[in-house]
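A look at the structure
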Amino acid sequence: MNKLNIDNINSSFFDISQFETKYSNGVISLNDEDFFNNMYQSVVEKNGYAVCYNTCKILKKHGLNIKDHADAEIGRQFLENLFRKMASKIDLALYSPDDANYEQIIKMDVDGFNINKAHTPNQEHTVSREFVTTKCIHFDAATPFIANVYGPNENIKEGFPIICDTKKYCLDNNINPINLVENIQEHYNVVVKPQYYNDILNDYSFGLDIDLTNDLIMIALYNEIIGGVAHAATQPLKQTPSENARRPIRHIEYTFKNMEDLNKWYKKYNLILEQAGNSDLQSPASNLDYYARGNIEFTNFIKVNNG
């Protein structure tokens, strides 16, 4: 993290409980245009990310409870709507590496701890499979802007989000981002190559020490390999080993219109588009450090006082 500016990082953290919201017919809304302009600038023009937190305080203000599954869903939809409204300001043609067409923004709910079964984010493009969410330094494939909504976790410790400023790394070291990544076996996401991995993790990455048990947070990312930033997570563990655990994540992304456009994206980065099958739970993709033997200690955390 020593190559990053802390003030710049902090400018991309948004305590959304400080903004006025309304609650009507099961929907929470926020209509502060300055907020959306600042979020847009943070994600698209400035740092490549925005972190929105303290949804729990907004729910409480409107008589809702973060621990109630139905109320938490209202919170997730609220955060999703924030991303969609911010995204409506983006001219996608300026941020795609090729002339492929994005069709729509979709969402999918996954578990970031347990294996996801019989799952496909887009049945027009991919078949159902079993997989674990990617936690090494990676980009989500073929989508220029994404958002991940985390929480509230149940019986989980660790599993903290990590943001990796690959754009600055490539600029500082005169690296062509087209050459930055490679395929992950049985995954559609792509991982940073081994010769760059540790430098990015040690010097250009920061984790969020944030309460994901009592809050819902959203991280919006400029996810394109050229010009954007990568992300990762520390390995989640059970707080109490004998009890069930959940690490809910709502993933929101743009999707391509057809397989031809999807394949074009992979070719742009000298990658191979292959149908992913079921993932082995022991896959390297389930570890923070994709290349090292054993676990490494990641210490570059920024404390976020939420909840």
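To start, this report covers the structure provided alongside it. Every value quoted in this text rests on a predicted model; they were computed, and no experiment measured them. (Residues numbered from 1 in each chain as written. Predicted model: local features only at pLDDT ≥ 70, side-chain atom pairs only at ≥ 80, totals over all residues. Heavy atoms only, no water.)

This next bit is on the sheet that holds strand β4 (residues 49–53). As summarised here, the arrangement of the six strands in space is β1-β4-β15-β9-β18-β5, forming an open sheet in which the pairing is mixed. Since the sheet does not close on itself, it has two edges, and those belong to β1 (13–15) and β5 (102–111), each with one partner. Taken pair by pair, the neighbouring strands of this sheet meet at an average axis angle of 15 degrees, ignoring direction. Bridge analysis of strand β9 (residues 145–150) against strand β15 (residues 217–222) gives six bridges, and the strand direction is antiparallel. Paired with A147 across the two strands is A220, which belongs to β15. Packed onto the sheet, helix α4 (residues 69–87) meets β5, β9, β15 and β18 (248–256) and runs at close to 30 degrees relative to β18. (Pairing = 2+ DSSP bridges. Helix = DSSP H or I, 4+ residues; strand = E, 2+ residues; numbered from the N terminus. Axes fitted to C-alpha atoms, helices over the stretch in contact; angles between N-to-C directions. Contact = heavy atoms within 4.5 Å.)

For the rest of this paragraph, the subject is the pairing of β15. Counting buried positions over the six residues of β15 gives six, a clear majority of the element. Here β15 shows no split at all, with I217, I219 and L221 on one side and M218, A220 and Y222 on the other all buried. In the sheet, β4 pairs with β15 via four bridges, with the strands oriented antiparallel. Across the sheet, Y49 pairs through a bridge with L221, a residue of β15. (Buried < 20%, exposed > 50% of the residue type's maximum accessible area, 1.4 Å probe, protein only.)

This part is about the state of the cysteines. Counted according to the given criterion, the structure contains zero disulfides. Looking at the unpaired C52, the closest cysteine sulfur is the one in C56, lying at 13 Å. On the basis of relative accessible area, C52 is assigned to the buried category, the value being 0%. We note that C164 lacks a disulfide partner, and the nearest cysteine sulfur, in C136, lies 9.7 Å from it. (Disulfide = S-S within 2.5 Å.)

The next subject is empty space enclosed by the protein. Per the stated rule, a full pass over the model turns up two cavities of 30 Å³ or more. In this model, the second largest cavity occupies a volume close to 40 Å³. Of all the secondary-structure elements, those providing two or more residues to the lining of the second largest cavity are β9, β11 (161–164), β15 and β16 (230–233). Here the lining of the second largest cavity takes three residues from β11, the largest share from any one element. Here the lining of the second largest cavity is composed, by residue class, of seven nonpolar, two polar and no charged. (1 Å grid on protein atoms, 1.4 Å probe; cavity = no way out; pocket = protein on both sides within 12 Å on 5 of 7 lines; lining within 4 Å. Points joined across faces, edges and corners; volume = space filled by probe spheres on them. Nonpolar A, V, L, I, M, F, W, Y, C, P; charged D, E, K, R; others polar.)

A cis geometry characterises the amide bond from G151 onward to P152, with omega recorded as -15 degrees. Note that P152 resides in the loop between β9 and β10 (156–158). Unlike most non-glycine residues, N54 shows phi in positive territory, near 70 degrees. Phi at A142 is positive, roughly 60 degrees, even though this residue is not glycine. A142 gets classed as buried once you look at its relative accessible area, which sits at 3%.

Taken as a whole and judged by the stated rule, the model has eleven salt bridges. Among the ionic pairs, R250 bridges to E80, the shortest N-O distance being 3.4 Å. A residue pair is termed long-range when its members are at least 10 positions apart, and R250 in strand β18 and E80 in helix α4 qualify at 170 residues. Shared partners join several salt bridges into a network, and the residues in it are E73, R76, E80, R84, K107, D109 and R250. (Salt bridge = Lys/Arg side-chain N within 4 Å of Asp/Glu carboxyl O.)

Let's shift gears to helix α2 (residues 33–46). Those residues of α2 not exposed but buried are F35, F36, M39, Y40, S42, V43 and V44. Looking at the buried positions of α2, the neighbouring elements they touch are β1, β3 (27–30), β4, α4, β9 and β15. Where α2 begins, one side-chain oxygen reaches toward the backbone nitrogen of D34, 3.0 Å away; that side chain belongs to D32. Following α2 by one or two positions, G48 has its phi on the positive side, about 95 degrees. (Polar contact = N/O pair within 3.5 Å; in protein donor to acceptor, adjacent residues only side chain to side chain.)

With that settled, consider helix α7 (residues 259–268). Among all positions in α7, only D261, L262, W265 and Y266 are buried. Along α7, the residues classed as buried sweep out an arc of 145 degrees about the axis, all on the same side. Summarising the geometry of α7, the exposed residues directed more than 90 degrees from the buried face are E260 and K267. Tucked into the core, α7 has its buried residues touching β12 (181–183), β13 (190–192) and β18. Its side-chain oxygen at 3.2 Å from the backbone nitrogen of E260, N258 defines the N-terminal cap of α7. Phi for N270, located one or two positions after α7, is positive at around 60 degrees. (Arc of directions from axis to C-beta.)

If you look at the biggest cluster of nonpolar residues, it comprises 98 residues, and the most contacted ones within it are F83, F145, F206 and W265. Per element, the largest residue contribution to this core is eight residues, and it comes from α4. When neighbours within four sequence positions are excluded, W265 is seen to be in contact with P97, D98, A141, A142, V190, E224, I225, F256 and L271. (Core = buried A, V, L, I, M, F, W, Y, C linked by side-chain atoms within 4.5 Å.)

Functional significance is not addressed by these values, which are geometric in nature.
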